[in-house]
Amino acid sequence: MARKHSKHGPYPDTHREEEAPAVAVPCWLCGRPTGKTIVWHHPVPKSRGGRDVVSMHPICQQTLIANFTNSELQRHGMDVEGLLANPNVRKFVDWVANKEPDFTATTAKKQR
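Residues numbered from 1 in each chain as written. Predicted model: local features only at pLDDT ≥ 70, side-chain atom pairs only at ≥ 80, totals over all residues. Heavy atoms only, no water.

Draft legend 1. Geometry of helix 1 (residues 58-67). Among the 10 residues in helix 1, 7 count as buried, and that is most of the element. On its buried face, helix 1 sits against strand 1 (39-41), strand 2 (54-56), helix 2 (70-76), helix 3 (80-84) and helix 4 (87-96). (Buried < 20%, exposed > 50% of the residue type's maximum accessible area, 1.4 Å probe, protein only. Helix = DSSP H or I, 4+ residues; strand = E, 2+ residues; numbered from the N terminus. Contact = heavy atoms within 4.5 Å.)

Structural data, given as C-alpha cells:
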C-alpha cells in the first residue's frame, strides 16, 4: 500500500538553514553539561513548599532521591555544597565527572 503523504514533509531538505546548536545547561548537582534528557528537579520538594526548579541529569536526581529524605532536602534547600558534603553523593559526583552527558547506569536504592 502506498503512502498518501511523504513521511519527511512537503519540502526537500536542500534549502534548510543550519540551526544554531542549543547551549547545554549545566547540571545543578555535578556541573556537567546536560544532554538530550533533562530532568527539572525541585531542590526543595513540592510537598514541602518548593517552587524553584533546577536542571539535572536523571542519574544525578536518582542519586539525590536515594540518599536524602524530603525533609533533608528541605533543610538543604538550594545549597549544593551541603548535599555534596554527604560522602555517598561526593563519591558519585567524582565518579560521574568524566562521563558523557547522556550517561545512564543503575543507582543504589534508598538506604533506609
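Draft legend 2. Examining the packing of aromatic side chains more closely. As enumerated under the stated definition, the model contains 2 aromatic pairs in all. Taking the centre distance of 6.1 Å and the plane angle of 50° together, the rings of F92 and W95 count as tilted. One end of the pair is F92 and the other is W95, both in helix 4 and 3 residues apart, which spans about a single turn. For F92, a relative accessible area of 9% puts it in the buried group. Here W95 and F103 contribute two aromatic rings whose centre-to-centre distance is 5.5 Å and whose plane-to-plane angle is 70°, an arrangement assigned as edge-to-face. The partly exposed category is assigned to F103, whose relative accessible area is 25%. An aromatic cluster is defined as three or more aromatic residues linked by ring pairs; in this entry it consists of F92, W95 and F103. Between K99 and the ring centre of F103, over which it is positioned, the NZ or CZ distance is 5.6 Å. (Phe/Tyr/Trp six-rings, centres within 6.5 Å; stacked < 30°, edge-to-face > 60°. Lys NZ or Arg CZ within 6 Å of the ring centre and 35° of its normal.)

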